[in-house]
Amino acid sequence: PRPGTPDLEVRAEDYAEFVGIKQRLDAGRPADRAPELDRLDAVLAGSPRFLDGHLAAASLAANLYQDSKRPGDLTRARASLENARGLAPDYPPLLSVEIALASLEGDWKRAEASLARLETIVPGDPIVLLQRCRILQARGDLAGTTTLLRQLIADRPVWSNLLWLADLEVRQGQVAAARGHLEQALALAPGNRWPRAKLAEIELLYGDLRRAETIYGELI
């Protein structure tokens, strides 16, 4: 473990439930993500010092707020982040969630301060470049985000980063590149619904309608 990594303080049954929640979210399986937040709350009720559980709840609540703009989701995200901060204020994944939430709220001073702190704690770590990409995109610099994300993917070609890059490329009219990166994501994570849904969207809008129909049918 990285120096300063906190102990894993969670009951076995709560950790098993957490892993199931994470697997469903990562694979794009829940039709509605809100119930997964309630399940995370139940996990944390049994294991209140489970740091990654609090961070997962903060991230999910922030994503729900981004989709719905319900103030209650933003409140839940802030509360979960504060619970995590009380356990390990300098835990790198916590600073990543802090950057995401600050960017969502348009608090650039807080986002940049958290990024600087992160770079001090883990200099040269890919997580720093990833969070710099997040801030750039939130500020509307799609071209700059795309350039940095391609640098990151050269060293860390995980499916979630490839999906993010493909979405940026489509928004800039780079359809062929986006399609290629989605195919690469699916090769790394076969059956994952997030890149499959994005690929169906690309085919629907810019490509092969029959292929789009086939993929949507499989997703249904």
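Refer to the structure printed above.
Computed from a predicted model, the values in this text were never measured in an experiment.

**Focus on the overall build of the protein chain**
Helices and strands together make up the secondary structure of the protein chain, namely twelve helices and zero strands. Put simply, the protein chain runs from its N terminus to its C terminus through helices and strands in the order α-α-α-α-α-α-α-α-α-α-α-α. Taking 17 Å as the expected radius of gyration for a compact globule of 220 residues, we find that the protein chain reaches 18 Å, a close match to that expectation. With the C-alpha coordinates of the protein chain rotated into their principal frame, the extents come out at 50 × 35 × 35 Å. Out of the 220 residues in the protein chain, the part that is buried amounts to 42%. A sequence separation of at least 24 residues applies to 49% of the contacts in the protein chain between residues at least 6 apart. Total accessible area on the protein chain stands at roughly 11,400 Å², and carbon and sulfur atoms take up 53% of it. Positive and negative charge centroids in the protein chain, built from 28 and 31 side chains respectively, lie 2 Å apart.

**As for the side chain of Glu98**
Counting through the fold element by element, Glu98 comes out in helix H5 (residues 92-105). Here Glu98 falls in the buried class, since its relative accessible area comes to 4%. A polar contact of 2.2 Å, which involves the side chain of Glu98, links it to the side chain of Arg110. Dropping the residues within four chain positions of it, Glu98 is found in contact with Leu81, Arg85, Arg110 and Ser114.

**Quick look at the pattern of salt bridges**
Summed over all chains, the structure comprises 26 salt bridges. In this structure, Glu218 engages Arg196 in a salt bridge whose closest nitrogen and oxygen atoms are separated by 2.8 Å. Residue Glu218 is found in helix H12 (residues 209-219), and its partner Arg196 is found in helix H11 (residues 193-206); the two are separated by 22 residues along the sequence. When the shortest N-O distance is used, the salt bridge between Arg211 and Glu203 registers 3.0 Å.

**What about the side chain of Thr146?**
With respect to the helices and strands, Thr146 occurs in helix H8 (residues 142-155). Since its relative accessible area comes to 2%, Thr146 is described here as buried. Those residues in contact with Thr146 that sit more than four places away from it in its chain are Leu165, Leu168 and Gln172.

**Some thoughts on the nonpolar core**
By size, the foremost hydrophobic cluster in this structure holds 27 residues, and its most contacted members are Leu55 and Leu81. The leading source of residues in this core is helix H3 (residues 51-68), at nine residues. Apart from the residues within four sequence positions on either side, Leu55 is in contact with Leu81, Ala84, Tyr91, Pro93, Leu94 and Val97. Cys133, Leu148, Leu149 and Leu165 belong to the second largest nonpolar core, which has 13 residues in total.

**With respect to the environment of Arg132**
With respect to the helices and strands, Arg132 occurs in helix H7 (residues 126-138). Sequence-wise, Arg132 and Leu94 are 38 residues apart; in three dimensions their C-alpha atoms are separated by 15 Å. Sequence-distant contacts of Arg132, defined by excluding residues within four places in its chain, comprise Leu115, Glu119 and Leu148.

**Considerations on the layout of surface pockets**
Take a probe with the size of a water molecule and roll it over the atoms, and the empty space left behind shows itself. Estimated volume of the largest pocket: approximately 2,300 Å³. Taken together, 44 residues make up the lining of the largest pocket; nearest its centre are Asp26, Ser59, Asn63, Arg134 and Ser160. Every element with two or more residues in the lining of the largest pocket is listed here: helix H1 (12-26), H3, H5, H7, helix H9 (159-171) and H11. Broken down by element, the residue count for the lining of the largest pocket peaks at ten residues, all from H3. Grouping the amino acids of the lining of the largest pocket by side-chain chemistry returns 25 nonpolar, nine polar and ten charged.

Here is what the cut-offs are and how they apply
Residues numbered from 1 in each chain as written. Predicted model: local features only at pLDDT ≥ 70, side-chain atom pairs only at ≥ 80, totals over all residues. Heavy atoms only, no water. Helix = DSSP H or I, 4+ residues; strand = E, 2+ residues; numbered from the N terminus. Rg over C-alpha atoms; globule rule 2.2 N^0.38 Å. Buried < 20%, exposed > 50% of the residue type's maximum accessible area, 1.4 Å probe, protein only. Contact = heavy atoms within 4.5 Å. Areas by Shrake-Rupley, 256 points an atom, 1.4 Å probe, with all protein chains shown as cover. Lys, Arg positive; Asp, Glu negative; His and termini not counted. Charge placed at Lys NZ, Arg CZ, Asp CG, Glu CD. Polar contact = N/O pair within 3.5 Å; in protein donor to acceptor, adjacent residues only side chain to side chain. Salt bridge = Lys/Arg side-chain N within 4 Å of Asp/Glu carboxyl O. Core = buried A, V, L, I, M, F, W, Y, C linked by side-chain atoms within 4.5 Å. 1 Å grid on protein atoms, 1.4 Å probe; cavity = no way out; pocket = protein on both sides within 12 Å on 5 of 7 lines; lining within 4 Å. Points joined across faces, edges and corners; volume = space filled by probe spheres on them. Nonpolar A, V, L, I, M, F, W, Y, C, P; charged D, E, K, R; others polar.

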